[in-house]
Amino acid sequence: MTPPPTAAPAPPAAVLVDPPSTGDPGAGRRTHPATGGALVLVGMLLVALNLRAVVTSLGALLDEVRDGLGLSGTMAGLVTTLPTIAFAGLGALTPWLVRRVAPARVLVVAMFALAAGQVLRATTDSAWIFVLTSALALAGIAVANILLPMLVKQHFPHRTGLVTGAYTMALTLGTTVAAASAVPIAHAFGSWRAGLGVWAAMAAVAVLPWVPLALRTRAGARRSTPTAAVAAPARTRLGWAMAVYFGAQSLSGYAIMGWLAQLFRDAGYQPESAGLLLAGVTALGVPIALLMPTLAGRLGSLRPLVLGLTTASALAYLGLAFAPRGAALLWVALLAIGQGAFPMILTAIGLRARTAEGTVALSAFAQSTGYVIAALGPLMVGILYEVTGGWTAPLGFLLGALAVQTAAGMAIARPRYVEDE
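Only a predicted model underlies this, so the values are computations on that prediction, with no experimental measurement involved. (Residues numbered from 1 in each chain as written. Predicted model: local features only at pLDDT ≥ 70, side-chain atom pairs only at ≥ 80, totals over all residues. Heavy atoms only, no water.)

A. Focus on empty space enclosed by the protein. This structure, assessed with the given rule, holds five cavities of 30 Å³ or more. Contributing to the lining of the largest cavity are 21 residues, with Thr172, Met257, Thr282, Gln339 and Phe342 lying nearest its centre. Sort the elements by how many residues they give to the lining of the largest cavity and helix H12 (residues 237–266) lands first, with six residues. Partitioned by chemical class, the residues of the lining of the largest cavity number eleven nonpolar, nine polar and one charged. (1 Å grid on protein atoms, 1.4 Å probe; cavity = no way out; pocket = protein on both sides within 12 Å on 5 of 7 lines; lining within 4 Å. Points joined across faces, edges and corners; volume = space filled by probe spheres on them. Helix = DSSP H or I, 4+ residues; strand = E, 2+ residues; numbered from the N terminus. Nonpolar A, V, L, I, M, F, W, Y, C, P; charged D, E, K, R; others polar.)

What follows is the structure, encoded as structure tokens:
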């Protein structure tokens, strides 16, 4: 006799956070939705808040740090160049790490390194220890830079634009707050050490969401399904185009952070006003950081965004060259729009890889190579400014870099995947 039909079993309380189709090394692990995806998202946002505070807080207090530690001009130059060196060199090691250690565990160590480095550099009286502990803090950031695009692909494959926009907005917000508040905090506590060390607390908070995720990860968990072969991005045209675009836009970003306030001072603005105009670029970048990845994810081709961002940056550079005082707020707004190239390329890293493995490989290559290129920005702007005594040549250099950025952007505009090359 045929048994009576039974009711369909209730869906399990656990959901598959890492779909097998992503090719993630952790695919197949099950995580409760209330503590999985949401906890990962909170963790990503807290990590993103920390990704530039260590850099911009030092920039705001560099004169005080130089006086306090007796840094020579050469040593100060080394300190300000450390971010791009660390991001380039240490970021390249991240794919090797995540092939051996779960990403959650890597992030726990990275945020501990960031917190410890910030505490140690704020308490030392040695210039060399300051440099070494700054490098320790930056090592944590370098690893996190690479991991965040991979985590978006791994945990939120169908919400790439939205989640990338959320974490780039958090990154921009952290950058702005650190730049604006480092000096007031230092003055309130009577020492530059407080203005640098306070950000260690924010890094320590960023560890918390990743601890339960790291403890829950099974030791030695590997792929549950075969993954697509990933070509080394260095052997693909797409990988190099991504690296050049990332590098060129970062070059302009670091040049703006380092020299825009000086440009406005030379145009006749008071130091406080020049600093506020620089802060305006990052402040206006917050909503742009949220919206840009969503636009990039929805468009079939990135061509309109590439050309639009280029136009905004070009108009800003021309305006700064010929009328820096006449319409400063307009040039600041256009610069903020042009710097939307940063969240766009972060989104493109996820869009141009089929799998989480491909994303981390492309992210590591594009960012590590790109930051080598980016290191030239502040350096070349400074040299040209010193040699010529004006801003026409430096801004001409940035326009040339923008042309290279645009050419690379057109190469990555159409949809394709690094695994296919």
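B. Molecular detail of the confidence of the model for the protein. Mean pLDDT over the protein: 83, with 87% of residues reaching 70 or higher. Within the protein, strand S1 (residues 15–16) has the poorest average pLDDT of any element, 32, and helix H14 (residues 303–322) the best, 97. Of the regions scoring below 50 in pLDDT, residues 1–35 engages in 53 contacts with residues more than four places distant in sequence or in other chains. A low-confidence stretch, residues 219–229 stays under pLDDT 50, and its non-local contacts, those more than four residues away or across chains, total 18 contacts. (pLDDT = per-residue confidence, 0-100. Contact = heavy atoms within 4.5 Å.)

C. Representation of the nonpolar core within the structure. The biggest cluster of nonpolar side chains holds 91 residues, and the ones touching the most others in it are Met44, Val65, Trp210 and Met242. For this core, the leading source of residues is helix H7 (residues 127–155), giving 15 residues. Residues contacting Met242, with those up to four places away along its chain left out, are Ile345, Ala348, Ile349, Arg352, Leu362, Ala366 and Ile412. One finds Ala261, Leu277, Ala316 and Tyr317 within the second-largest nonpolar core, a separate group that totals 28 residues. (Core = buried A, V, L, I, M, F, W, Y, C linked by side-chain atoms within 4.5 Å. Buried < 20%, exposed > 50% of the residue type's maximum accessible area, 1.4 Å probe, protein only.)

D. Spotlight on the pattern of salt bridges. Tallying each qualifying case throughout the model produces two salt bridges. The partner of Arg193 in a salt bridge is Asp125, and the shortest N-O contact between them spans 2.6 Å. On the criterion of sequence distance, the pair formed by Arg193 in helix H9 (residues 192–197) and Asp125 in the loop between helix H6 (103–123) and H7 is long-range, its members being 68 residues apart. Residue classification places Arg193 among the partly exposed positions, given a relative accessible area of 22%. On the basis of relative accessibility, which here comes to 63%, the residue Asp125 falls in the exposed class. When the shortest N-O distance is used, the salt bridge between Asp420 and Arg354 registers 2.7 Å. With Asp420 in the segment after helix H19 (392–412) and Arg354 in the loop between helix H16 (341–351) and helix H17 (356–374), this pair connects stretches of sequence that are 66 residues apart. Look at Arg354 and you get partly exposed, because its relative accessible area is 41%. (Salt bridge = Lys/Arg side-chain N within 4 Å of Asp/Glu carboxyl O.)

E. Here's a closer look at the side chain of Asn50. When you line up the elements, Asn50 lands in the loop between helix H1 (37–49) and helix H2 (53–60). The exposure class assigned to Asn50 is buried, which follows from its relative accessible area of 2%. Here Met202 takes part through its backbone oxygen, which lies 3.4 Å from a polar atom of the side chain of Asn50. (Polar contact = N/O pair within 3.5 Å; in protein donor to acceptor, adjacent residues only side chain to side chain.)

F. Spotlight on the environment of Ala178. Considering the arrangement of structural elements, one finds Ala178 in helix H8 (residues 160–189). Among the residues examined, Ala178 registers a relative accessible area of 0% and is labelled buried. Taking the C-alpha atoms as reference, Ala178 lies 9.9 Å from Val198; in sequence the two are 20 residues apart. Residues in contact with Ala178, not counting those within four places in the same chain, are Ala53, Thr56, Ser57 and Trp199.

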